[in-house]
Amino acid sequence: MKTTSIKVLTATLLLFSQVGCASDSYYYKNSQKVELQPKPFRSSTKIDYYQNSRGIVLGVSDRLILKLKNPQNLKEYLLEFDLKIERSLSENIYL
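Bear in mind that the values here come from a model prediction, so they are computed numbers and not experimental data. (Residues numbered from 1 in each chain as written. Predicted model: local features only at pLDDT ≥ 70, side-chain atom pairs only at ≥ 80, totals over all residues. Heavy atoms only, no water.)

Kindly report on the packing of aromatic side chains, identifying the contributing residues and their values.
Within this structure, the stated rule accounts for one aromatic pair. Pairing Tyr-26 with Tyr-28 gives two aromatic rings, centres 5.7 Å apart and planes at 90 degrees, and the pair type is edge-to-face. Accessibility expressed as a relative area gives 53% for Tyr-28, which makes it exposed. Above the face of the Tyr-26 ring, Lys-33 is positioned so that its terminal group lies 4.1 Å from the ring centre. (Phe/Tyr/Trp six-rings, centres within 6.5 Å; stacked < 30°, edge-to-face > 60°. Buried < 20%, exposed > 50% of the residue type's maximum accessible area, 1.4 Å probe, protein only. Lys NZ or Arg CZ within 6 Å of the ring centre and 35° of its normal.)

This is the structure in structure tokens:
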């Protein structure tokens, strides 16, 4: 009986570890899904590094670059999505 419960516990732990580590790492370019592979890289910043299928390494942080066709709607989007502008990158592109 102990062997069965150890097997069940082991299988459960393996299942949870796979689900917990699974993540969807991809982006879309020209309506094409591009898969990413995590790259182990030491950094003092909060940037995660990935490599795409063409070998290009990308750094991803918790910031968004926002480009608006109509910058007059900026305040509306900031309120709706609880966003804060760190700085303006150009006339209609914000970080």
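On we go.
Go over the sheet that holds strand 3 (residues 48-52) with me, naming the residues and quoting the values.
On the basis of which strands lie adjacent, the open sheet formed by four strands has the order 1-2-3-4 and antiparallel pairing. Two strands lie at the open edges of the sheet, namely strand 1 (26-29) and strand 4 (57-60), each paired on one side alone. For this sheet the average axis-to-axis angle between neighbouring strands, irrespective of direction, equals 40 degrees. Pairing analysis gives four bridges linking strand 3 to strand 4, with the strands arranged antiparallel. Across the sheet, Tyr-50 pairs through a bridge with Leu-58, a residue of strand 4. (Pairing = 2+ DSSP bridges. Helix = DSSP H or I, 4+ residues; strand = E, 2+ residues; numbered from the N terminus. Axes fitted to C-alpha atoms, helices over the stretch in contact; angles between N-to-C directions.)

Tell me what's going on with unusual backbone geometry, and back it up with residues and numbers.
Backbone geometry places Ser-31, a non-glycine residue, at a positive phi of 65 degrees. Looking at the element boundaries, Ser-31 is found in the loop between strand 1 and strand 2 (32-39). The exposed category is assigned to Ser-31, whose relative accessible area is 71%.

Provide a residue-level description of the confidence of the model for the protein chain, including the pertinent values.
Predicted confidence across the protein chain gives a mean pLDDT of 75, with 72% of residues reaching 70 or more. Here helix 1 (residues 2-21) is the element of the protein chain with the lowest mean pLDDT, 50, and helix 2 (residues 74-81) is the one with the highest, 88. Confidence over residues 15-22 falls short of pLDDT 50; this stretch has zero contacts with residues more than four positions distant or in other chains. (pLDDT = per-residue confidence, 0-100. Contact = heavy atoms within 4.5 Å.)

Account for a nonpolar patch on the surface, naming residues and giving values.
On the surface, Leu-64, Phe-81 and Leu-83 cluster together to form a nonpolar patch covering roughly 310 Å² of accessible area. Topologically, Leu-64 is positioned in the loop between strand 4 and strand 5 (66-67). (Patch = residues over 30% accessible without salt bridge, like charges linked within 9 Å, V, L, I, M, F, W, Y side chains within 5 Å. Areas by Shrake-Rupley, 256 points an atom, 1.4 Å probe, with all protein chains shown as cover. Salt bridge = Lys/Arg side-chain N within 4 Å of Asp/Glu carboxyl O.)

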